[in-house]
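Observations on the three-dimensional arrangement
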Amino acid sequence: MLPLNHDKYSWYQILFLPIFFNGILTVHLPVVGGLLSAHLLSKKAGVEVEVGWPCSGPLLRMAEEAARKLLPAFQTPTGMPYGTVNLLHGVNPGETPVTCTAGIGTFIVEFATLSHLTGDPVFEDVARKALKALWKNRSDIGLVGNHIDVITAKWVAQDAGIGAGVDSYFEYLVKGAILLQDKELMSMFLEYNKAIKNYTKFDDWYLWVQMYKGTVSMPVFQSLEAYWPGLQSLIGDVDNAMRTFLNYYTVWKQFGGLPEFYNIPQGYTVDKREGYPLRPELIESAMYLYRATRDPTLLELGRDAVESIEKISKVDCGFATIKDLRDHRLDNRMESFFLAETVKYLYLLFDPDNFIHNDGSVFDVVITPYGECVLNAGGYIFNTEAHPIDPAALHCCRKRKEEQWEVEDLMREFYSLKKNKKFTLKRASDHGEGERAKDPEDAPSEKGGEKRNFKKSSHSLLSCPSQSFNSKLAVLGQVFLDNT
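First things first, this report covers the structure right here in the doc. All values derive from a computational prediction rather than experimental measurement.

**Some remarks on the sheet that holds strand β9 (residues 208-210)**
With antiparallel pairing, the 3 strands of this open sheet are ordered in space as β6-β9-β10. Among the strands making up the open sheet, the edge pair consists of β6 (159-160) and β10 (216-218). Relative to β10, β9 is paired through 2 bridges, and the arrangement is antiparallel. Note on β10: the bridge partner recorded for Val209 is Val216.

Given below as structure tokens:
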């Protein structure tokens, strides 16, 4: 291991020194996503943040540095990225152009967040181009395959489904649409959803089909597909979500976990796919659906999951992967996603008062170099590895007048309500309520925010009506209102 002050290497090179060649999602999802999430949650965790946060900060700079190392992968004729990149030298000249669909379409959440926080549009631009390239190359019946050549845009693996190799592409269309309030992304998903229902759905199960003909190619359920009911709940399709979830739950009760592959007609595991590495997807769906329905069946699943994991997989040094659900033999490994995702979603399922579930009745106001900013109002978007992103933060760092935040309307409503004494106010500092920072260096850090509690709001914080407002202009280090 090299010392951290070694001037030849930066932090990400040292972190991945043993494996210079990385699948871009291996770096993107846990590293870029994790750094962005930690950056946005750092103040809430009690970390003293630097002036200008959340538009600046060491974790944000690290996320940007790591993300820039991935950009060479997107330099293809189609805009779809290679699946692997060398963090020191870029894409290897002999790199295979074949990439899975999920490896192309799982960037918009992190890269759009990074673009909005840093002001550099390149990250969101490449993520959008990749999404649109997949959309452009869907089949005539509206389906996408499993692997595609990013140079020629020819489908190499033509199995269409909602599981491995495709899953997070659909997930990120929905989550990207919610995060960015983007109708185009949601429209793309809804069109896919129609095709998926028409060709892959049978008795509330989802099979694998040939992408051009719609004929069944694999009548199996994969454990990775268990995210789908949670995704359905995010678009309001709760009834269908619950029916599919209950199908998956019957498999859990049959084995005490979800096998990697389950043969639906036979009602049993698939040969050499009998294991359960403590994946989070079914519990993730339970968490989302419980927030939507409060159905106690979902808490029962959570209880069963806790009891099964404790009884079957707990060992002296952690929780082992179940190698075979038929006899509960264990493997000598524990996957990182067990702690990062499975346990996290279980915790959130049973913790109704967690700040992640905030309904907007409590939020913080911070001062940035661009004006006041509302944060921690709820509506968190989880990336596909369970790192939460605060969508309100994307409106904090816009530099152009025409791109100012919709939350200005919320602030006007707040001060209007204040006059009518319809709320309580808690201050994290003793600044005056009309006070503005006279210099960016005087902007408050961890002590400069305000926490406001509303019993009820007339509209969602993240869907405020857009109206004209007085923009704040930074002139010679001072912040003025344009009506002063």
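**Comments concerning helix α7 (residues 167-180)**
With 14 residues, α7 should reach 20 Å at 1.5 Å per residue; the first-to-last C-alpha distance of 20 Å fits that figure. Once α7 ends, the next one or two residues include Gln181, with phi positive near 50 degrees.

**A word on the pairing of strand β18 (residues 362-368)**
Looking along a regular strand, one sees the side chains alternate between the two faces of the sheet. The element β18 is largely enclosed, with a buried count of 6 among its 7 residues. In terms of strand pairing, β18 meets strand β19 (residues 371-375) through 5 bridges, oriented antiparallel. Across the sheet, Ile367 pairs through a bridge with Glu372, a residue of β19.

**Brief notes about the environment of Thr113**
For Thr113, the location among the structural elements is in helix α5 (residues 108-118). We classify Thr113 as buried; its relative accessible area is 0%. Residues Thr113 and Leu36, 77 residues apart in the sequence, show an inter-C-alpha distance of 8.0 Å. Dropping the residues within four chain positions of it, Thr113 is found in contact with Leu36, Leu40, Ile108, Leu179, Ile389 and Leu394.

**Observations concerning the packing of aromatic side chains**
For the coordinates displayed, the defined rule picks out 23 aromatic pairs. Ring centres 6.1 Å apart and planes at 20 degrees place the aromatic pair Trp205 and Tyr262 in the stacked group. Here Trp205, found in strand β8 (residues 205-206), pairs with Tyr262, found in strand β12 (residues 261-263); they are 57 residues apart in sequence, far enough to count as distant. The class for Tyr262 is buried, based on a relative accessible area of 8%. Connected via pairs of aromatic rings, a cluster forms that spans Trp135, Tyr169, Phe170, Phe189, Tyr192, Tyr206, Tyr227 and Trp228. Residue placement shows Lys253 over the ring face of Tyr249; its charged tip is 4.7 Å from the ring centre. Lying over the aromatic face of Phe261, Arg273 brings its terminal NZ or CZ to 5.4 Å of the ring centre.

**Describing the sheet that holds strand β4 (residues 147-149)**
By definition, the strands of a sheet pair up through backbone hydrogen bonds, in either a parallel or an antiparallel sense. The sheet built from 3 strands is open, its strands ordered β3-β4-β5 with antiparallel pairing. In this open sheet, the two edge strands, each paired with only one partner strand, are β3 (98-100) and β5 (155-157). Averaged over all pairs of adjacent strands, the angle between strand axes in this sheet comes to 35 degrees, irrespective of strand direction. For β4 and β5, the ladder comprises 2 bridges, and the chain directions are antiparallel. Directly across from His147, in β5, lies its bridge partner Ala157.

Basis of the calculations
Residues numbered from 1 in each chain as written. Predicted model: local features only at pLDDT ≥ 70, side-chain atom pairs only at ≥ 80, totals over all residues. Heavy atoms only, no water. Pairing = 2+ DSSP bridges. Helix = DSSP H or I, 4+ residues; strand = E, 2+ residues; numbered from the N terminus. Expected span 1.5 Å × (residues − 1). Buried < 20%, exposed > 50% of the residue type's maximum accessible area, 1.4 Å probe, protein only. Contact = heavy atoms within 4.5 Å. Phe/Tyr/Trp six-rings, centres within 6.5 Å; stacked < 30°, edge-to-face > 60°. Lys NZ or Arg CZ within 6 Å of the ring centre and 35° of its normal. Axes fitted to C-alpha atoms, helices over the stretch in contact; angles between N-to-C directions.

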